Amino acid sequence: MEMTFSIIKPDGVRRNLVGKIFNMIESAGLRIVATKMIHMSRREAEQFYAVHKDRPFFGELCDFMCSGPVVVSALQAPDAVTKYRDLMGATDPKKAAQGTIRAAFAESIGENTVHGSDSKDNAAIELGFFFAGTELVNRAR
Ligand code: ATP
Ligand code: MG
């Protein structure tokens, strides 16, 4: 069993899409192990997306991620990282496959509704950034 880290970004929360996205997550066989709504500070957004600090869209990305509340979750399944990336669809919603979260809901490459870890190592780092081990209360055994 593997765990990955998910964010429903401010555009998803603002448009009341949390329930629909959780439904897609659970229907795909991913288990919600922990979840909470938070409002990131600008500093937290900068730390979380530090890998992108030299990209031209970094400032815009951090402004957006702290523009409103988000829902952070720990998700578990066999191959959870790949499974959730597949469910999210391509970064640019115009290129996202039918049936993916971004094809259904994302409005632009910047405001693309969800984040998911891109590797097992990054999943562990990102989960540790937002959750204490004691919060991962719904782990399957
Ligand atoms: P995420 O890390 O959010 O799951 P991703 O792995 O599909 O998305 P990354 O390349 O890691 O894509 O980019 C991180 C985020 O930065 C994207 O989800 C998007 O919100 C934003 N982003 C990426 N490319 C652009 C761009 N060209 N213009 C504006 N924003 C962008
Ligand atoms: Mg990424």
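Scroll up to find the structure this text is about.
Because the structure is predicted, anything quoted here is derived from the model rather than measured.

(A) Region of interest: the sheet that holds strand β3 (residues 70–77). Taking strand neighbours across the sheet as the criterion, the 4 strands line up as β2-β3-β1-β4 in an open arrangement whose pairing is antiparallel. Edge positions in the open sheet fall to β2 (31–38) and β4 (114–116), since each of these has one partner strand only. The sheet shows a mean angle of 20° between the axes of neighbouring strands, taken without regard to direction. Pairing of strand β1 (residues 2–8) with β4 involves 3 bridges; the strand directions are antiparallel. Across the sheet, I8 pairs through a bridge with V114, a residue of β4.

(B) Representation of unusual backbone geometry within the structure. Of note in the backbone geometry, D79 takes a positive phi value of approximately 60° without being a glycine. Locating D79 in the fold gives a position in the loop between β3 and α5 (80–88). Judged by its relative accessible area of 52%, D79 is exposed. Positive phi values are uncommon outside glycine, yet T113 reaches one of about 75°.

(C) Fine view of the site of ligand 1. In the vicinity of ligand 1 there are 15 residues, among which K9, R85, T91, N112 and H115 approach most closely. H52 places a side-chain nitrogen or oxygen 3.0 Å from an oxygen atom of ligand 1. Within the contact set of ligand 1, an oxygen atom lies 2.9 Å away from a side-chain nitrogen or oxygen of N112. For ligand 1, whose accessible area on its own is 580 Å², the fraction buried by protein is 82%. Listing elements by their share of the shell around ligand 1, those giving two or more residues are α5 and β4. In the shell around ligand 1, the residues fall into 5 nonpolar, 6 polar and 4 charged.

What counts and how
Residues numbered from 1 in each chain as written. Chains lettered and ligands numbered in written order. Predicted model: local features only at pLDDT ≥ 70, side-chain atom pairs only at ≥ 80, totals over all residues. Heavy atoms only, no water. Pairing = 2+ DSSP bridges. Helix = DSSP H or I, 4+ residues; strand = E, 2+ residues; numbered from the N terminus. Axes fitted to C-alpha atoms, helices over the stretch in contact; angles between N-to-C directions. Buried < 20%, exposed > 50% of the residue type's maximum accessible area, 1.4 Å probe, protein only. Near = heavy atom within 4 Å. Polar contact = N/O pair within 3.5 Å; in protein donor to acceptor, adjacent residues only side chain to side chain. Areas by Shrake-Rupley, 256 points an atom, 1.4 Å probe, with all protein chains shown as cover. Nonpolar A, V, L, I, M, F, W, Y, C, P; charged D, E, K, R; others polar.

Shape is all these values report; function is a separate question.
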